[in-house]
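# Analysis of the macromolecular model
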Amino acid sequence: MSTTFTVDFFSTLDGYGMAEGWPGYWGKEGPELRQDRVRTFAQEQVLVFGATTFREFRSFVKEYDEPYYDSLDELPKIVFSRTLDEPLGWQNSTVLREDAVTAIDRLKQTTDVPMRSHGSISLNRALLAAGLVDRLEVMIFPVVGGRAGGSALLHGGAEFDLELIESTVLDGRTQKLVYAPHLHGEIPAGVGPRLRDAS
């Protein structure tokens, strides 16, 4: 018995997960993007959060009316936290106080229900570095965060080679790229630009 773990990341072109002063989706949402989210969260899965992202989403689903928020309510959720206590204020939620890398490694081997994490930068960076992420889904919005950017998942972390599994353009402007990440190892001989023949 084993399952897959997907990291789901909304990003600017320059790799930021948010930008101070910009609205949700950086104001670039559209019907195809929303329908993609509906399809994504209609699937059987367990949602995995760090404490900060859990608090944010718990608030979002009460304040905003997105077409997939009912699915977020219904799906089982795990939050890794040493500060949150049950009841967590969001239905179908369970707190785990153990090390996330150890717990996800165990859960991947003992369940066949897929797991997905959206946001949760430090949590997902650690899971990527540990080689526990099977799919990296990056939604690239047509925005450069620049000085306003923050929450960069891939800046300053481990190095990866990415195998492209799927590529979709939503609403004619937002790219959804799905990769299988592999920790970067030795560079094979004979790759890269070739040196000129000195003779």
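Quick notes on the rules
Residues numbered from 1 in each chain as written. Predicted model: local features only at pLDDT ≥ 70, side-chain atom pairs only at ≥ 80, totals over all residues. Heavy atoms only, no water. Helix = DSSP H or I, 4+ residues; strand = E, 2+ residues; numbered from the N terminus. Rg over C-alpha atoms; globule rule 2.2 N^0.38 Å. Buried < 20%, exposed > 50% of the residue type's maximum accessible area, 1.4 Å probe, protein only. Contact = heavy atoms within 4.5 Å. Areas by Shrake-Rupley, 256 points an atom, 1.4 Å probe, with all protein chains shown as cover. Pairing = 2+ DSSP bridges. Axes fitted to C-alpha atoms, helices over the stretch in contact; angles between N-to-C directions. Salt bridge = Lys/Arg side-chain N within 4 Å of Asp/Glu carboxyl O.

## Regarding the overall build of the protein
Each helix and strand counted, the protein has five helices and 10 strands in total. A compact globule built from 199 residues would reach a C-alpha radius of gyration of about 16 Å, and the protein, at 18 Å, matches this within 12%. In terms of its C-alpha atoms, the protein occupies a principal-axis envelope of roughly 75 × 40 × 30 Å. The buried share of the protein, reckoned over its 199 residues, is 43%. Within the protein, contacts between residues at least 6 apart in sequence are counted, and of these 72% link residues at least 24 apart. As presented, the protein carries roughly 11100 Å² of accessible surface, and 51% of it is formed by carbon and sulfur atoms.

## What about the sheet that holds strand β10 (residues 174-183)?
What the eight strands build is an open sheet, ordered β5-β4-β3-β6-β1-β7-β10-β9; its pairing is mixed. Every interior strand has two partners, whereas the edge strands, β5 (93-96) and β9 (160-170), have only one. Across the sheet, the mean angle from the axis of one strand to that of its neighbour is 25°, orientation sign disregarded. With two bridges connecting them, strand β3 (residues 46-50) and strand β6 (residues 115-118) associate as parallel partners. Bridge pairing links Val46 to Met115 in β6.

## Observations regarding the pattern of salt bridges
Counted under the stated rule, the structure contains 13 salt bridges. Here Arg135 and Glu137 are joined by a salt bridge, their closest N and O atoms 3.3 Å apart. Sharing partners across several salt bridges, the network here consists of Asp8, Asp36, Arg37, Arg39, Arg116, Arg135, Glu137 and Lys176.

## Structural notes on unusual backbone geometry
The step from Glu86 to Pro87 runs through a cis peptide bond, and the omega angle for that step is 0°. Mapped onto the fold, Pro87 is located in the loop between β4 (77-80) and β5. Look at Asn92: it is not a glycine, yet its phi comes out positive at around 60°. Along the chain, Asn92 turns up in the loop between β4 and β5. Under the relative-accessibility criterion, Asn92 is labelled partly exposed at 40%. Even without glycine at this site, Ser151 takes up a positive phi of about 55°.

## Description of the environment of Thr12
Tracing the backbone through its elements, the reader meets Thr12 in the loop between β1 (5-11) and β2 (18-19). Between the C-alpha atom of Thr12 and that of Gly149, which follows or precedes it by 137 residues, the distance is 8.3 Å. Sequence-distant contacts of Thr12, that is, excluding residues within four places in its chain, are made with Trp26, Ile140, Phe141, Val143 and Gly145.

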